[in-house]
Amino acid sequence: MKKRILTGDTPTGKLHLGHYVGTLENRVKLQDQYEMFIILADTHALTTLSATPELIKNYTREVLLDNLSVGLDPKNVTFFIESGVSEIYELAAIFSMYVSHNRALRNPTIKDEISSKSLGDQFSLGFVNYPIYQAADILCVKGQLVPVGVDQEAHLEQAREIARAINKLTNSNIFPEPEALIGRVGKLVGTDGNPKMGKSLNNTIYLSDSTEEVEKRVMNMFTDPKRIHPTDPGTIAGNPVFTYLDSFAKEKDKGKIDEYKDRYEKGEVGDVEVKKYLAQVLNNFLNPIRERRLEYESQPEVLDKILVEGTAKTKKVASETLSEVRSEMGLI
Ligand code: ATP
Ligand code: MG
């Protein structure tokens with residue numbers, strides 16, 4: 001039997017290059033080898049203060065399109081909507097009995113998000129609880145491997161603790177201990193030099209951006225702030241233009257990139273020339289993704305079918321897991 005993967009996205013915005021190197025790429029690579037479930041975590045999106053019902057509905061569809069356009073095959077992969085699998089809420093309620101209040105607040109990613117998203121004290125109980133819901137997302141299908149960006153490692157640790165607690169309590173092996181699989185670039189820098197390209201930070205290049213949008217975003221990118229003239233020696237390390245070149249160029253272009261790096265460090269090439277090249281590289285990378293997207297966009301009934309069938313299938317698996325948990329825990 002194939003091992004199971006559970007992974008997914010919050011429909012709070014369209015997916016971008018960071019999502020690609022952090023997780024989408026691994027999804028595509030592993031889709032034949034594993035039985036794969038991909039969640040569109042719409043309930044989880046409610047923890048984002050700016051997410052209105054209309055936006056969540058719209059982005060749920062956009063995020064499905066993003067996943068399909070990078071080459072995930074709906075014949076291999078089960079896509080489901082979180083709110084369509086209410087067993088997740090029931091499992092999360094049970095799990096929450098075994099997570100101390102302190103432990104929930106000690107989660108480093110929760111702490112980071114409170115500060116990076118400037119939430120102050122305006123975050124909900126659901127926000128602090130979301131790693132517990134995420135554990136239920138993963139464990140309702142007994143997911144063993146979870147391809148994610150590095151910010152999710154802390155949540156996976158919490159999910160493993162929960163799985164262990166329930167297994168110990170029931171003296172059983174109901175749950176696997178899910179492992180994170182971090183992408184080739186665990187946290188891709190934003191176009192503004194912020195360490196994380198993020199949906200809410202306006203520092204993104206979206207997988208669905210047009211050629212012109214990509215050119216514009218690249219031309220406005222942050223580079224080496226100390227460099228004023230093209231003849232000034234430039235810095236490569238931490239310069240997002242070169243990080244993106246390294247991350248998205250084809251193997252055959254590596255020689256040319258090394259040449260640009262050398263000239264940049266010596267002050268023999270201007271930012272504009274390197275940026276023009278980067279825009280070309282990114283557009284070459286995005287072209288096949290754009291083509292697949294166009295195909296799916298013209299078939300809304302196919303998208304509906306993928307979601308309806310995937311959610312029904314996941315609900316069945318989750319209800320079997322929940323029955324097992326209830327029975328082992330004496331919840332009649
Ligand atoms: P939000 O701020 O709403 O949480 P997000 O950009 O973190 O948005 P998610 O839907 O939470 O997006 O994340 C989906 C997946 O993409 C996760 O596995 C996450 O770790 C990964 N990811 C998100 N941003 C990046 C990035 N800049 N680099 C690498 N991986 C990323
Ligand atoms: Mg996130």
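Residues numbered from 1 in each chain as written. Chains lettered and ligands numbered in written order. Predicted model: local features only at pLDDT ≥ 70, side-chain atom pairs only at ≥ 80, totals over all residues. Heavy atoms only, no water.

Re the pairing of strand β2 (residues 35–40)
Burial analysis of β2 places five of its six residues in the buried class, the great majority of the element. Strand direction decides the pairing type here: strand β1 (residues 4–9) and β2, joined by six bridges, are parallel. Within β2, the position partnered with Asp9 by the bridge is Leu40. Bridge analysis of β2 against strand β3 (residues 77–81) gives five bridges, and the strand direction is parallel. Residue pairing across strands places Leu40 opposite Ile81, the latter belonging to β3. (Buried < 20%, exposed > 50% of the residue type's maximum accessible area, 1.4 Å probe, protein only. Helix = DSSP H or I, 4+ residues; strand = E, 2+ residues; numbered from the N terminus. Pairing = 2+ DSSP bridges.)

Description of the domain arrangement of the protein chain
Taken domain by domain, the protein chain comprises domain 1 (4–188 + 300–329) and domain 2 (209–292). Once you take the C-alpha centre of each, domain 1 and domain 2 turn out to be 33 Å apart. In this assembly, domain 1 packs against domain 2 so that about 780 Å² is buried in total across both faces, 73% of it on carbon and sulfur atoms. Taken together, domain 1 and domain 2 are joined by zero salt bridges. Connecting domain 1 to domain 2 are three residue pairs in polar contact (both at pLDDT 80 or more). Elements represented by at least two residues in the side of domain 1 that touches domain 2 include exactly α1 (17–30) and α3 (53–69). If one sorts the elements of the side of domain 1 that touches domain 2 by residue count, α1 sits on top with three residues. Within the side of domain 1 that touches domain 2, the residues separate by chemical class into seven nonpolar, two polar and one charged. (Domains from an automatic or database assignment. Buried area = accessible area lost by both parts, 1.4 Å probe. Salt bridge = Lys/Arg side-chain N within 4 Å of Asp/Glu carboxyl O. Polar contact = N/O pair within 3.5 Å; in protein donor to acceptor, adjacent residues only side chain to side chain. Nonpolar A, V, L, I, M, F, W, Y, C, P; charged D, E, K, R; others polar.)

Notes on the site of ligand 1
If you check the shell around ligand 1, you find 21 residues, and the closest are Thr10, Thr12, Asp151, Leu188 and Lys196. A distance of 3.3 Å separates a nitrogen atom of ligand 1 from a polar backbone atom of Gly18. Here an oxygen atom of ligand 1 sits 2.7 Å away from a polar atom, N or O, in the side chain of Lys196. Taken by itself ligand 1 offers 600 Å² of open surface, and the protein chains cover 94% of this. Elements that contribute at least two residues to the shell around ligand 1 include exactly β1 and α1. Broken down by element, the residue count for the shell around ligand 1 peaks at four residues, all from α1. (Near = heavy atom within 4 Å. Areas by Shrake-Rupley, 256 points an atom, 1.4 Å probe, with all protein chains shown as cover.)

Looking at the layout of surface pockets
Each pocket or cavity is described by its volume, and for the second largest pocket that value is around 280 Å³. Where the lining of the second largest pocket is concerned, the elements lending two or more residues are β3 and α13 (300–328). Of all the elements, α13 adds the most residues to the lining of the second largest pocket, at six residues. Of the residues belonging to the lining of the second largest pocket, the class tally is six nonpolar, three polar and five charged. (1 Å grid on protein atoms, 1.4 Å probe; cavity = no way out; pocket = protein on both sides within 12 Å on 5 of 7 lines; lining within 4 Å. Points joined across faces, edges and corners; volume = space filled by probe spheres on them.)

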